[in-house]
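Coordinate inspection notes
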Amino acid sequence: MYAGLDVAAVVGSMSFLYAVVQSDFYNGLPIAGQALTVAPLQILTGFAMWCTWCIGHDAGHGTVSKSTKFGKGINRIVGEITHSMICLTPFVPWALSHKKHHLNHNHLEKDYSHEWMIREEAGDMPPFIKATYYIRMVYLPFLYFIYLFTGIPDGGHVLFYGRMWEGESMKDKLDGALSVAVSVATAGTLWHNMGTSDFAVVCMAPWTVMGFWLFMVTYLQHHSDDGKVYTDDTFTFEKGAFETVDRDYGEGVNALSHHMMDGHVIHHLFFTKVPHYRLHAATQALQKGMKERGQDHLYKQIDTPDFTQEIIKQYYNNWFYINEENIVRK
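Let me begin by describing the structure that accompanies this report. Keep in mind the model is a prediction, meaning the values are calculated, not measured.

Okay, the overall build of the chain next. The number of helices and strands found in the chain is 14 helices and six strands. Relative to the 2.2 N^0.38 estimate, which gives 20 Å for 330 residues, the radius of gyration of the chain is 20 Å and therefore close to what a compact globule would have. The buried share of the chain, taken over its 330 residues, is 50%. Sequence-distant contacts in the chain: of pairs separated by 6 or more residues, those separated by 24 or more amount to 71%. Put simply, the chain shows about 16200 Å² of open surface, and 63% of that area lies on carbon and sulfur atoms. Within the chain, the 33 negative side-chain charges are centred at a point lying 7 Å from the centre of the 25 positive side-chain charges.

So this is what it looks like as structure tokens:
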């Protein structure tokens, strides 16, 4: 049901956006007027794509269907539709790197999706890395594209190279290639039928909005002023999970985003067990249980109604740095 509603929202909003772009009214406007006309629809469509991405996220964890007989196939189908097609995110490669992130969350060297760099060692970093720091705000909206296509930091999700593919079999790579083919075929079909200009306005601009949502939510879930990362000598799965942060973006945004933000701690503790529609209740149970046991100090929750301002502030101030004092080495 959730997947169907989200996909319908994307198809409906994107179809309306395309109709506007094809209208005589739109084409009679100057470029600035065209941009202002479609911007609200692009933001709306991009948010609908983000919500759909969250369903594919569940499919990647195998929680859309827990059926012992049909679950694997159902999760694969839902993942290919929501991720590979709707969100142009190759499902199998993404699920592979994301699983490795969950198994190594907040590990200084082994975490995926998040590259932790020690602030005190910034002066010793290669010139290219130093340069990317100084232009960090320029590429902020495009970080998801960079992540998928350049393979920074995990490895390529379209072209298969990098650490995420080390030790993976040819069968796994061929399986991932099917997801890439679905994404490429979807993008190619839309591009061919719409033309470059309309494809950029109707599809890629909303996709960039989706990518911004994804980076914003993911970054803020794993960064807080007192957040810690661990080494081989100190890391445990449970310690890493409790360094993630539940953030309250507001009841409506939380619900439409399938509680991806305010149910993240419980998700990291039981990422193959709790589907998105159980996250809110499970989080309440976690809070209650930890309080009864006097362990509520381990749980992190931050109200973040000004989320767009918060991501800009946090990313500008901290980038991908972690302070040495926040690294638990022994």
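Take a nonpolar patch on the surface next. Together, Met 1, Tyr 2, Leu 5 and Tyr 277 line one region of the surface with nonpolar side chains, adding up to about 460 Å² of accessible area. Secondary-structure assignment places Tyr 277 in the loop between α12 (264-269) and α13 (279-292). Taking relative accessible area as the criterion, Tyr 277 reaches 39% and is therefore assigned partly exposed.

The next subject is a negative patch on the surface. Where like charges cluster on the molecular surface, the negative patch consists of Glu 120, Glu 121, Asp 124 and Glu 325. With respect to the helices and strands, Asp 124 occurs in the loop between β1 (117-118) and α6 (127-134). Relative accessible area serves as the criterion here: at 70%, Asp 124 is assigned to the exposed category.

Let us look at helix α14 (residues 307-318). With 12 residues, α14 extends 16 Å between its outermost C-alpha atoms, agreeing within 8% with the 16 Å of an ideal straight helix rising 1.5 Å per residue. All buried positions along α14 are accounted for by Phe 307, Glu 310, Ile 311, Gln 314 and Tyr 315. On an axial view of α14, the arc spanned by its buried residues comes to 115°, and they lie on one face. For α14, the elements touching its buried residues are α7 (143-150), α9 (196-221) and β3 (246-248). Residue Trp 319 follows α14 closely and has a positive phi angle near 50°.

Another point: the pattern of salt bridges. Overall, the coordinates contain nine salt bridges when judged by the stated rule. Lys 110 is paired through a salt bridge with Asp 232; the nearest N and O atoms lie 3.1 Å apart. Linking Lys 110 in the loop between α5 (91-103) and β1 with Asp 232 in the loop between β2 (229-230) and α10 (237-241), this pair joins segments that are 122 residues apart in sequence. Each of Arg 76, Glu 80 and Asp 175 takes part in a single network of salt bridges with overlapping partners.

Structurally, the position occupied by Cys 87 is in the loop between α4 (71-86) and α5. By relative accessible area, Cys 87 is classed as buried at 0%. Sequence separation of Cys 87 and Leu 178 is 91 residues, and the distance between their C-alpha atoms is 15 Å. For Cys 87, the contacting residues outside a window of four places in its chain are Met 49, Thr 52, Trp 53, Thr 82, Trp 207 and Met 210.

Evaluation of the coordinates by the stated rule reveals 25 aromatic pairs. Between Phe 215 and Phe 320, the ring centres sit 6.4 Å apart and the planes meet at 80°, which makes this aromatic pair edge-to-face. Of this pair, Phe 215 sits in helix α9 while Phe 320 is found in the loop between α14 and β5 (321-322), placing the two residues 105 residues apart along the sequence. Of the residues examined, Phe 215 reaches a relative accessible area of 14% and is grouped as buried.

Moving on, we get to α7. If you check which residues of α7 are buried, you get Leu 143, Tyr 144, Tyr 147 and Leu 148. The arc that holds every buried residue of α7, seen down its axis, measures 130°, which confines them to one face. The inward-facing, buried residues of α7 contact α3 (31-61), α5, α9 and α14. Looking at the residues trailing α7, positive phi occurs at Gly 151, about 80°.

Moving on, we get to the nonpolar core. By size, the foremost hydrophobic cluster in this structure holds 55 residues, and its most contacted members are Trp 50, Trp 53, Tyr 144, Trp 213 and Tyr 315. Elements with a minimum of two residues in this core: α1 (2-22), α3, α5, α7, α8 (170-194), α9 and α14. Excluding its chain neighbours within four sequence positions, the residues that come into contact with Trp 213 are Phe 47, Trp 50, Tyr 249, Val 253, Met 261 and Phe 307. Formed by 10 residues, the second largest nonpolar core is a distinct cluster that contains Ala 241, Phe 242, Val 265 and Leu 286.

Let us look at the packing of α3 against α5. At a minimum axis separation of 9 Å, α3 and α5 run at an interaxial angle of 70°. Relative to α5, α3 is oriented roughly perpendicular. In this structure, α3 uses Trp 53, Gly 56, His 57, Ala 59, Gly 60 and His 61 to contact α5, whose residues at the interface are Phe 91, Trp 94, Ala 95, His 98 and His 102. Its residues assigned to classes, the contact of α3 with α5 comprises five nonpolar, six polar and no charged.

Definitions and limits used
- Residue positions within a chain follow its written sequence, with the count starting from 1.
- Two thresholds apply to this predicted model, a pLDDT of at least 70 for residue-level local features and 80 or more for giving and counting side-chain atom pairs, whereas whole-chain, interface and lining totals are computed over all residues.
- With hydrogens and water set aside, each side-chain value is computed from the structure's full complement of heavy atoms.
- Only DSSP runs of H or I covering at least 4 residues are called helices, and only runs of E covering at least 2 are called strands; the numbering of each starts at the N terminus.
- We take the radius of gyration over the C-alpha atoms and set the globule estimate at 2.2 Å times the residue count to the 0.38 power.
- Note on exposure labels: buried denotes an accessible area under 20% of the residue type's maximum, exposed denotes more than 50%, and partly exposed covers the range between, all computed with a 1.4 Å probe on protein chains only.
- In this description, contact between two residues means that some pair of their heavy atoms is separated by no more than 4.5 Å.
- Working definition of accessibility: Shrake-Rupley area with a 1.4 Å probe, residue cover restricted to the visible protein chains.
- This count recognises Lys and Arg as positive and Asp and Glu as negative, with His and chain-terminal groups excluded.
- To locate a charge, take atom NZ for lysine, CZ for arginine, CG for aspartate or CD for glutamate.
- The patches reported here contain residues having more than 30% relative accessible area and no salt bridge. Joining distances are 9 Å for like charges and 5 Å for nonpolar side chains (Val, Leu, Ile, Met, Phe, Trp, Tyr).
- Should a side-chain nitrogen of Lys or Arg be within 4 Å of a carboxyl oxygen of Asp or Glu, the pair is scored as a salt bridge.
- A helix is expected to span 1.5 Å multiplied by its residue count minus one.
- Here, the arc refers to the directions that run from the helix axis to the C-beta atoms.
- Between the rings of Phe, Tyr and Trp (Trp by its six-membered ring), a pair exists once the centres lie within 6.5 Å; its type follows the angle of the planes, with under 30 degrees stacked, over 60 edge-to-face, and the other angles tilted.
- By nonpolar core we mean a set of buried residues, namely Ala, Val, Leu, Ile, Met, Phe, Trp, Tyr and Cys, connected to one another through side-chain atoms within 4.5 Å.
- Lines fitted to the C-alpha atoms define the axes, with helices restricted to the stretch that makes contact. Angles between their N-to-C directions range from 0 to 180 degrees.
- Note on terminology: angles under 35 degrees are roughly parallel, angles over 145 are roughly antiparallel, angles of 65 to 115 are roughly perpendicular, and the others are oblique.
- Ten residue types, Ala, Val, Leu, Ile, Met, Phe, Trp, Tyr, Cys and Pro, are classed as nonpolar, four, Asp, Glu, Lys and Arg, as charged, and the remainder, Gly among them, as polar.

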